[in-house]
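# A look at the structure
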Amino acid sequence: MENDSLIRPNAIIGIILAVGFISFPTMLVIVTAMMLQENQARPAKNTRCLIYVLLGMALGYINTTKPAEYSDISYYYWLYNWASTKSFSEYIDLIPKEPLYHIYNYTMSYLTFGNFKLFVVITTILMYIPVMLAFDRIFCENRIDTKYAIAAAVILACFSEYFFYTAQIIRQVLAGSLAFYFVVRMTYEDDKWSYLGLACSGLIHASAFVFCIYYILRFSVRWPVKVRFIVILVSFVMFGAIVGFVASVSDPDSTLAYAANRAITGAGDVIHIGLLPLAVCASIVPMAVIIMRKLDWSTGITNIMLLAVFLVAFIFANMSNPLFVLRFMEYCYIFIPLCMVLSLYLLKLTSIIVMAMIVLLFRFGMSLNKGDFQYEQFVNICLDGYPLMLFKIFG
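No experiment lies behind these values; they were computed from the predicted model shown.

### So, the packing of helix α2 (residues 24–37) against helix α8 (residues 147–157)
When two helices pack together, their arrangement is given by the angle between the helix axes and by the axis-to-axis distance. Packing of α2 against α8 leaves a shortest axis separation of 9 Å and a crossing angle of 145°. The two elements α2 and α8 meet at a crossing, and its hand is left-handed. Here T32, M35 and L36 of α2 lie close against α8, whose contacting residues are K147, I150, A151 and V154. Class assignment of the residues belonging to the contact of α2 with α8 gives a composition of 5 nonpolar, 1 polar and 1 charged.

### Side note on the pattern of salt bridges
Tallying each qualifying case throughout the model produces 8 salt bridges. When the shortest N-O distance is used, the salt bridge between R48 and D136 registers 2.6 Å. Separated by 88 residues along the polypeptide, R48 in helix α3 (residues 45–63) and D136 in helix α7 (residues 116–141) bring together distant segments of the chain. Taking relative accessible area as the criterion, D136 reaches 6% and is therefore assigned buried. Between R137 and E141 there is a salt bridge, and its shortest N-O distance comes to 2.8 Å. Of this pair, R137 and E141 both sit in helix α7, 4 residues apart, roughly one helical turn.

### Concerning the nonpolar core
Counting 129 residues, the largest nonpolar core has Y162, F180, F211 and F335 as the members making the most contacts within it. Of the residues forming this core, the biggest block, 16 residues, is contributed by helix α18 (residues 322–346). Residues within four places of F335 in sequence aside, it is in contact with F180, F211, I284, I304, L307, A308 and L311.

### Description of the packing of aromatic side chains
Both the distance between ring centres and the angle between the ring planes are used here to describe each pair of aromatic rings. According to the stated counting rule, one finds 33 aromatic pairs in the structure shown. When the ring of Y75 is compared with that of Y76, the centres are 5.2 Å apart and the planes differ by 75°; the resulting orientation is edge-to-face. Judged by relative accessible area, which is 7%, Y76 ranks as buried. Note on Y91 and Y106: the rings are 4.8 Å apart at their centroids and 35° apart in plane angle, and the pair reads as tilted. Taken together, the positions of Y91 in helix α5 (residues 88–94) and Y106 in helix α6 (residues 99–111) put the pair 15 residues apart, joining distant regions of the chain.

### Here we look at the environment of T112
On the secondary structure map, T112 appears in the loop between α6 and α7. Linking T112 and I122, residues 10 residues apart in sequence, is a C-alpha distance of 9.2 Å. Excluding anything up to four places from it in sequence, T112 contacts Y80, L118, F119 and I122. Polar contacts involving the side chain of T112 include one to the side chain of Y80, which spans 2.4 Å.

### Re unusual backbone geometry
Not every positive phi belongs to a glycine, and F113 is a case in point at roughly 55°. Positionally, F113 belongs in the loop between α6 and α7. Located in the positive-phi region is K348, a residue other than glycine, with phi close to 60°. Relative to the assigned elements, K348 resides in the loop between α18 and α19 (350–367). On the accessibility criterion, K348 (73% relative accessible area) is exposed.

Reading the values: the criteria
Residues numbered from 1 in each chain as written. Predicted model: local features only at pLDDT ≥ 70, side-chain atom pairs only at ≥ 80, totals over all residues. Heavy atoms only, no water. Axes fitted to C-alpha atoms, helices over the stretch in contact; angles between N-to-C directions. Helix = DSSP H or I, 4+ residues; strand = E, 2+ residues; numbered from the N terminus. Left-handed = near helix turned anticlockwise from the far one by under 90°. Contact = heavy atoms within 4.5 Å. Nonpolar A, V, L, I, M, F, W, Y, C, P; charged D, E, K, R; others polar. Salt bridge = Lys/Arg side-chain N within 4 Å of Asp/Glu carboxyl O. Buried < 20%, exposed > 50% of the residue type's maximum accessible area, 1.4 Å probe, protein only. Core = buried A, V, L, I, M, F, W, Y, C linked by side-chain atoms within 4.5 Å. Phe/Tyr/Trp six-rings, centres within 6.5 Å; stacked < 30°, edge-to-face > 60°. Polar contact = N/O pair within 3.5 Å; in protein donor to acceptor, adjacent residues only side chain to side chain.

Rendered as structure tokens:
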């Protein structure tokens, strides 16, 4: 059973209200540091969830500073505005074969009163919260101090590569976030919603169907190792065959067929994937091996780690299609904070976790205005409190 935090909730609320009024990012750093500093305290679940929501809000707010009209988010900006020009019946007739995101988009266009920036904040939160809650569940089930779940959430929040995807391939990141959540929930709860939710994630973005390999991992857990390996290998091959089948039989105008054809033939664009990002993804494998060797398989962590290794193998098997690799690397990035924190904890190198959080935070701030991604200067964002944030979103 978890112990309550030694830090009084009133102190946390006071900092959130007082410091957040002047600087939201500063408030978030202080509150998170308070949760991590006491070695004998385990933050209460409500407090941890509050931190996850605040992290998502901060990242969503940063995403609103990215120009919507003249960047890679422009398609979603157009789709959001287009939804408000149609009745629901007209919209249903026109949406493609991956309907769940488009239904979400239509619903949110009304719930957010046509405010695209508010839509971006809420959607960004939904890209992070399911993953962070899944991290939290894994640490709880393995009886590891839940402060390390907070550390994993902070590393995910500061992981620039994942963040840049959240305002670039929104449907895919949202689908991957939910798929990962349902994978973890399925691991620890044998309920129908987990199985259904994982399958439905592919109806947000077809690439999320790759997570469905977890059904096999889940049901074959007590099979002989050799048989299980053969089944997983066959499933690996079959996924490529299914993609080809979808491309051949689907409506050519559907996004499902479009995604499948892109997976097979590529986009025709000249895309170069550096060795460093590939090495970062590949680092999942040794970390996963450490975790599987040191933690009890009965906790379900083995299946989750096997899924991570499968995704790494999947992207390396498709190196001939750089666009395909670039997109599926986003799914690997979900696992990196979890694997990093878990493996360092198990190796008793927890001081490196703190260093990683600090380094990644500085790297995140420095990378916001590099390359093709242009956001407001990080220094300016750090000076934004609640009044200014509300003005920029609703003003």
